[in-house]
Amino acid sequence: MADSPYGFLDLSSVFVSNEVQGGSTTTIWQWTTLFSCFDPFGVDVWATLVVLWFWTGVLYMCFEVHSNHEDLSGSSLCANGTHSLYLALLQVTGAGGFTPMTWHGRILLASWAWYILLFIATYTANLASFLVVQSTADADISSLTSAMAADMRLCTWPTSPSGEWFSQHYEYPNTYEVLNDGTATISYLNAGYCDGVIMNSFSWSQDQNSLELNSDCATTLRGSNLN
């Protein structure tokens, strides 16, 4: 605390963030949201699906090319191979698929269909679980500790008392250091450079009522004073 014409200046550190949690920047948030459908599985699982899809299409062409003119009626090996891969992809989505004429093709179709069934069932279950966990994680950001546990990017002013306090008490790499150029720290939060801000209580008391910085009242104090 310090005495001033404004009364007592509370320079204790506080943590503030927006109610809606996004990525570190607007662009990153948009891209992660766009491709969030791939989150339930890791890269290795998706790579396995692509490899199996490719070889299923190739093997189906090899088994059926001489006897199945309904599925493979192309005039060249390349045309038949491309169409076979196309049918294998349709089999995944359920919009179409193979109509084998040989026993080899039927066995291949049975194995591919069984794999797709297991894949779709597992994907659906993982997606539902992922969405529940993601929603819970967003709702639980109520303090600096929970924000760091969620790996949120934090804006800090390194040369300010709050920034020095944070660096002395925490070794947290996911931070964005704001410039000492007179720009309000909360402006970096609004611009999407970070998900939360560590600032002093007096600055927050000024910024929270600013029509320019917090016109929609989306930025709120999380938890109590940090020190």
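Keep in mind it's a predicted model, so treat the numbers as computed, not measured. (Residues numbered from 1 in each chain as written. Predicted model: local features only at pLDDT ≥ 70, side-chain atom pairs only at ≥ 80, totals over all residues. Heavy atoms only, no water.)

Participant: I keep staring at helix α6 (residues 161–169) and nothing clicks. Help me out?
Facilitator: Helical geometry note: an α-helix holds 3.6 residues per turn, so side chains three or four residues apart project in the same direction. Those residues of α6 that fall on the buried side of the exposure criterion are S162, G163, W165 and F166. Down the axis of α6, the buried set is contained in an arc of 160 degrees. They therefore lie on one face. Away from its buried face, by an angle of more than 90 degrees, α6 presents the exposed residues P161 and Q168. (Buried < 20%, exposed > 50% of the residue type's maximum accessible area, 1.4 Å probe, protein only. Helix = DSSP H or I, 4+ residues; strand = E, 2+ residues; numbered from the N terminus. Arc of directions from axis to C-beta.)

Participant: What is the right way to look at the state of the cysteines in this model?
Facilitator: Think of a disulfide as a covalent bridge from one cysteine sulfur atom to another cysteine sulfur atom. In the structure shown here, the tally under the stated rule is 1 disulfide. Note on cysteine connectivity: C155 is disulfide-linked to C194, with sulfurs 2.0 Å apart. Disulfide C155 to C194: torsion about the S-S bond roughly -105 degrees, handedness left-handed. A residue pair is termed long-range when its members are at least 10 positions apart, and C155 in strand β4 (residues 154–156) and C194 in the loop between α7 (185–190) and β6 (196–200) qualify at 39 residues. Exposure remark for C194: the relative accessible area of 3% places this residue in the buried category. (Disulfide = S-S within 2.5 Å.)

Participant: Would you mind showing me how to read the nonpolar core here?
Facilitator: Buried together is how nonpolar side chains tend to be arranged in soluble globular proteins. Ranked by internal contacts, the top residues of the largest apolar core, which has 14 residues, are F41, W46, L49, F98, W112 and F119. Sort the elements by how many residues they give to this core and helix α4 (residues 103–139) lands first, with 6 residues. Ignoring anything within four residues of it in the chain, the contact list for W112 reads L49, L52, W53, T56, A88, Q91, V92 and F98. Judged by nonpolar contacts, the second largest core, of 12 residues, contains V16, Y188, V197 and L213. (Core = buried A, V, L, I, M, F, W, Y, C linked by side-chain atoms within 4.5 Å. Contact = heavy atoms within 4.5 Å.)

Participant: How should I be thinking about the UniProt feature "transmembrane region" (unreviewed entry) in the protein in this particular structure?
Facilitator: UniProt records the feature "transmembrane region" (unreviewed entry) at residues 45–63, 84–103 and 109–133, using the numbering of this structure. Between the C-alpha atoms that bound residues 45–63 there is a distance of 27 Å. The span itself is 100% helix and 0% strand. Counted over residues 84–103, helix gives 55% and strand 0%. Its end C-alpha atoms are 17 Å apart. (UniProt positions renumbered as here; feature names shortened; annotations may be inferred.)

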